[in-house]
Amino acid sequence: MLRVYLDNNASTPVLPEVLAAMQPYFAESFGNPSSIHQNGQTARAAIEDARESVARLIGARGSEIVFTSGGTEADNLAVAGIAAPGDHIITSSIEHHAVLHACRYAASQGCEVTEVPVNGTGVVDPADVRRAIRRNTRLISVMFANNETGVLQPVDEIGKIAAGSGIHFHTDAVQGAGKIALDVTKIGCSLMSLSGHKMHAPQGVGALFVRKGTQVRASLQGGPQERFRRAGTENVPGIVGLGRAASASRLALSEPNGGMVEILRNRLEQGILNRVDGCTVNSGPAPRTPNTASIRFDCIDGEAMVIALDLQGVAASSGAACSSGATKPSHVLTAMGLTPAQARSTIRFSLGRQTTEADIDFALDAVIVTVARLRALSPRYSAEMVRS
Ligand code: PLP
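In this text the structure is predicted, and so the values were computed from the model without any measurement.

A. Quick peek at the overall build of the protein. Looking only at helices and strands, the protein features 15 helices and 15 strands. A compact globule built from 388 residues would reach a C-alpha radius of gyration of about 21 Å, and the protein, at 22 Å, matches this within 12%. Here the C-alpha coordinates of the protein stretch approximately 75 × 50 × 40 Å along the principal axes. Across the 388 residues that make up the protein, the buried fraction comes to 55%. Taking contacts inside the protein between residues at least 6 apart in sequence as the whole, the part at least 24 apart equals 72%. Carbon and sulfur atoms form 54% of the exposed surface of the protein, whose accessible area is close to 16,500 Å². Here the protein holds 36 positive side-chain charges and 35 negative ones, and the gap between their average locations is 4 Å.

Laid out in structure tokens, this is it:
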């Protein structure tokens, strides 16, 4: 059976050229980059090439890139590396848990934290950020693009507010990298997080941009790697993969058919809206990443729909996460004002560079059939149909 993968915000497949670039660094050029012999120096050179490539993707310098084990570590390093007890942090209610929980942990260690809200389409109001600033505000952390809705945040404006008050600005650009051109100067951030597996590099590698002159306290104690900002022998194959994926992303963003993913996303979304009753795009008219559609279906349980779609060969995800055996509605969707039931009835479709028109048509048919089947079983839907 054809399988269509529409969960690229969770993880993307490694591009063949990325895999090919990584391959030699497992068994041939396997040296420790800290070793001074040739084997080590070959690995060192590959890391430095990758550093330049990642830097170019976001308009930074190589020396401003710190390689990490992924987006979570980059976010944690940004928060814990900047804020100290007594400092105030401003973040938003829709951040990924890698930021939100890092901030809440910082609060338990003596920081003050303000979580600014979002409007009904999932956008932070920069005026709220400005109002939240205190004399001890040390860090503002607002994401570039949300992972559940794809909604883009007004980071340029927030960057200006931060710069005007001499506050560090961190943006989690994990869901933006490779999809939208990123420029750390335009955004005015002093820190930016990236993750390999959201941009067709492997899982377990990421990077934190740290603007020249910004002091981050290392979270890991050990060797002098990454200029003392991240101890531990580097993940050479992963870093090489991230570097190759960054150059592939730069190329893809400059290509004339770079908008193909958006055309396909719109085809899916419009197809669903035209052919399925009772569904709503959660982000409304807010600007968003070209690959993401977050849609709620009246009287549908999102988890049940994900399972039913999977049986039909379509991988997507729901607006609820299983924690401790219970499904909790997404904090992002509820922060936007959705009821827990609406959040639970949400499905996220996220496309990748490998997605084809045939994939979208297959997925659309599967969604139509699945919604009809699930609603036929739903007493709530039957009751609402009788009423209307
Ligand atoms: N930030 C955002 C916005 C994400 O979507 C994710 C992963 O889903 C992360 C951070 C964490 O990245 P990683 O999986 O590389 O730890």
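Following the structure, the description resumes.
B. Fine view of the pattern of salt bridges. Applying the stated criterion across every chain yields a total of 18 salt bridges. Note that R134 and E112 form a salt bridge whose closest N and O atoms lie 2.3 Å from each other. Remark: E112 occurs in strand β4 (residues 112–116) and R134 occurs in the loop between α6 (126–132) and β5 (137–141); sequence separation between them is 22 residues. Residue R134 is classed as partly exposed on the basis of its relative accessible area, which comes to 37%. A salt bridge links D361 to R267; the shortest N-O distance between them is 2.9 Å. One end of the pair, D361, is in helix α14 (residues 357–376); the other, R267, is in helix α10 (residues 260–275), and 94 residues separate them in sequence. Residue classification places D361 among the partly exposed positions, given a relative accessible area of 28%.

C. Looking closely at the site of the ligand. Lining the immediate surroundings of the ligand are 13 residues, of which G71, T72, D172, S195 and K198 lie closest. In this structure, D172 approaches the ligand through a side-chain N or O atom, which is 2.6 Å from a nitrogen atom. Here an oxygen atom of the ligand and a side-chain polar atom of S195 are 2.7 Å apart. Computed on the free molecule, the ligand has an accessible area of 390 Å², of which 86% lies beneath the protein chains in the complex. With three residues, helix α4 (residues 71–82) is the largest single contributor of residues to the shell around the ligand. The residue inventory of the shell around the ligand, partitioned by class, reads two nonpolar, eight polar and three charged.

Reading guide: rules and limits
Residues numbered from 1 in each chain as written. Predicted model: local features only at pLDDT ≥ 70, side-chain atom pairs only at ≥ 80, totals over all residues. Heavy atoms only, no water. Helix = DSSP H or I, 4+ residues; strand = E, 2+ residues; numbered from the N terminus. Rg over C-alpha atoms; globule rule 2.2 N^0.38 Å. Buried < 20%, exposed > 50% of the residue type's maximum accessible area, 1.4 Å probe, protein only. Contact = heavy atoms within 4.5 Å. Areas by Shrake-Rupley, 256 points an atom, 1.4 Å probe, with all protein chains shown as cover. Lys, Arg positive; Asp, Glu negative; His and termini not counted. Charge placed at Lys NZ, Arg CZ, Asp CG, Glu CD. Salt bridge = Lys/Arg side-chain N within 4 Å of Asp/Glu carboxyl O. Near = heavy atom within 4 Å. Polar contact = N/O pair within 3.5 Å; in protein donor to acceptor, adjacent residues only side chain to side chain. Nonpolar A, V, L, I, M, F, W, Y, C, P; charged D, E, K, R; others polar.

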